[in-house]
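Commentary on secondary and tertiary structure
The primary structure of each chain is shown beneath.
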Amino acid sequence: IEHTLTQVLLHIMHIPVILLIVITILGKENEDAKLFVFHTAVLNLILGIVWEISWFLPETSTISNVIIWVKDICINASVNSIFPLAFTRFLFLYFPHVYKRFFSKKSIFFSLLVYDIVFSGLYFISENFNICLFIISVTFIMLVGTIICSSLVFRNIHSMMLMIDKDSTTQLSTFSDLRRA
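Residues numbered from 1 in each chain as written. Predicted model: local features only at pLDDT ≥ 70, side-chain atom pairs only at ≥ 80, totals over all residues. Heavy atoms only, no water.

Let's talk about the overall build of the chain
For the chain, the count of helices and strands is 8 helices and 0 strands. Each helix (α) and strand (β) of the chain, taken in turn from the N terminus, gives the series α-α-α-α-α-α-α-α. Every one of the 181 residues in the chain was classed for burial, and the buried ones make up 31%. Within the chain, counting contacts between residues at least 6 apart in sequence, those at least 24 apart form 65% of the total. Roughly 12,200 Å² of accessible area belongs to the chain as shown, and the carbon and sulfur atoms make up 73% of that amount. (Helix = DSSP H or I, 4+ residues; strand = E, 2+ residues; numbered from the N terminus. Buried < 20%, exposed > 50% of the residue type's maximum accessible area, 1.4 Å probe, protein only. Contact = heavy atoms within 4.5 Å. Areas by Shrake-Rupley, 256 points an atom, 1.4 Å probe, with all protein chains shown as cover.)

As for helix α2 (residues 33–56)
Between the first and last C-alpha of α2 there are 36 Å, a value that for 24 residues agrees with the 34 Å anticipated at 1.5 Å per step. Considered for burial, the residues of α2 that qualify are Ala 33, Lys 34, Phe 36, His 39, Thr 40, Ala 41, Leu 43, Leu 47, Gly 48, Val 50, Glu 52 and Ser 54. (Expected span 1.5 Å × (residues − 1).)

Topic: the packing of aromatic side chains
Under the defined criterion, the tally for this structure stands at 7 aromatic pairs. Ring geometry for Phe 83 and Phe 87: centres 5.6 Å apart, planes at 20°, overall stacked. Here Phe 87 and Phe 83 lie together in helix α4 (residues 82–94), a separation of 4 residues that amounts to about one turn. A residue is classified by how much of its surface remains accessible, and Phe 83, at 17% relative accessible area, is buried. Its relative accessible area of 32% is what places Phe 87 among the partly exposed residues. (Phe/Tyr/Trp six-rings, centres within 6.5 Å; stacked < 30°, edge-to-face > 60°.)

Here's the deal with a nonpolar patch on the surface
Taken together, the side chains of Trp 69, Phe 124, Ile 125, Phe 129, Ile 131 and Phe 134 present a nonpolar region at the surface, about 570 Å² in accessible area. Here Phe 124 is to be found in helix α6 (residues 105–128). (Patch = residues over 30% accessible without salt bridge, like charges linked within 9 Å, V, L, I, M, F, W, Y side chains within 5 Å. Salt bridge = Lys/Arg side-chain N within 4 Å of Asp/Glu carboxyl O.)

What about the packing of α2 against helix α3 (residues 62–80)?
The description of two packed helices rests on the angle between their axes and on the distance between the axes. Where α2 meets α3, the closest approach of the two axes is 9 Å, and the angle between their N-to-C directions is 155°. When the interaxial angle is binned, α2 and α3 end up roughly antiparallel. Note on packing geometry: the crossing formed by α2 with α3 is left-handed. Here α2 contributes Leu 43, Asn 44, Ile 46, Leu 47, Val 50, Trp 51, Ile 53 and Ser 54 to the contact with α3, which in turn contributes Ile 67, Val 70, Lys 71, Cys 74, Ile 75, Ala 77 and Ser 78. Residue composition of the contact of α2 with α3, by class: 11 nonpolar, 3 polar and 1 charged. (Axes fitted to C-alpha atoms, helices over the stretch in contact; angles between N-to-C directions. Parallel < 35°, antiparallel > 145°, perpendicular 65-115°, else oblique. Left-handed = near helix turned anticlockwise from the far one by under 90°. Nonpolar A, V, L, I, M, F, W, Y, C, P; charged D, E, K, R; others polar.)

Observations concerning the environment of Gly 27
Locating Gly 27 in the fold gives a position in the loop between α1 (2–26) and α2. With sequence-adjacent residues up to four places away left out, Gly 27 is seen in contact with Val 22 and Lys 34.

Re the environment of Gly 145
Turning to its location among the elements, Gly 145 is positioned in helix α7 (residues 132–166). On the basis of relative accessible area, Gly 145 is assigned to the buried category, the value being 16%. Each C-alpha atom of the pair Gly 145 and Phe 87 lies 7.9 Å from the other, and the pair is 58 residues apart in sequence.

A word on the confidence of the model for the chain
For the chain, the mean per-residue pLDDT works out to 82, and 87% of the residues sit at or above 70. Of all the helices and strands in the chain, helix α8 (residues 172–180) carries the lowest mean pLDDT, 58, while α4 carries the highest, 90. (pLDDT = per-residue confidence, 0-100.)

Comments concerning α4
Over its 13 residues, α4 extends 18 Å from the first C-alpha to the last, a length consistent with the 18 Å expected when each residue adds 1.5 Å. Looking at α4, one finds that the buried residues are Phe 83, Pro 84, Leu 85, Ala 86, Thr 88, Arg 89, Phe 90 and Leu 91.

Here we look at the environment of Trp 51
Assignment of secondary structure puts Trp 51 in helix α2. Sequence separation between Trp 51 and Lys 71 is 20 residues, and the spatial gap between their C-alpha atoms is 6.4 Å. Every residue in contact with Trp 51, bar those within four places of it in the chain, is listed here: Leu 10 and Lys 71.

Shown next, in the form of structure tokens:
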């Protein structure tokens with residue numbers, strides 16, 4: 001059942017990922033958070049395509065080993081791609097001056113590219129030098145960091161919504177912006 005269910009879910013995964021990519025490209029909002037969502041969606045699409053290819057190749061071929069290696073790198077890249085979104089939203093809400101100083105549209109693209117290269121390199125080093133505990137530790141730290149940053153972002157947005165809810169003079173657009181966030 002795992003084999004069949006995995007194939008079905010794999011095919012279904014492409015629909016929301018492609019939809020997310022289209023929404024981020026065609027969306028009217030001109031926010032930098034779209035770049036992070038786009039980044040995660042593209043990495044997941046690449047992972048899905050590589051995974052689809054790996055289902056159809058014989059396991060004994062040389063190219064199959066390369067595809068498995070690329071699939072493992074894509075899994076790590078897509079799993080760790082949510083951290084930059086959570087971290088930058090945390091910086092944007094708690095330290096806006098630091099965020100504005102270090103992040104522009106050009107620097108976001110460059111930093112995401114460097115981020116992916118660094119994590120792919122870490123995974124490559126971990127696999128080739130057989131230090132799996134290292135990449136597990138890094139991934140765990142990224143997971144904890146993502147949970148902490150996301151929790152603090154939700155906490156801040158919730159407190160802002162409560163503050164706006166109590167203040168009747170605040171404009172309705174600010175409240176809808178917070179709900180959207």
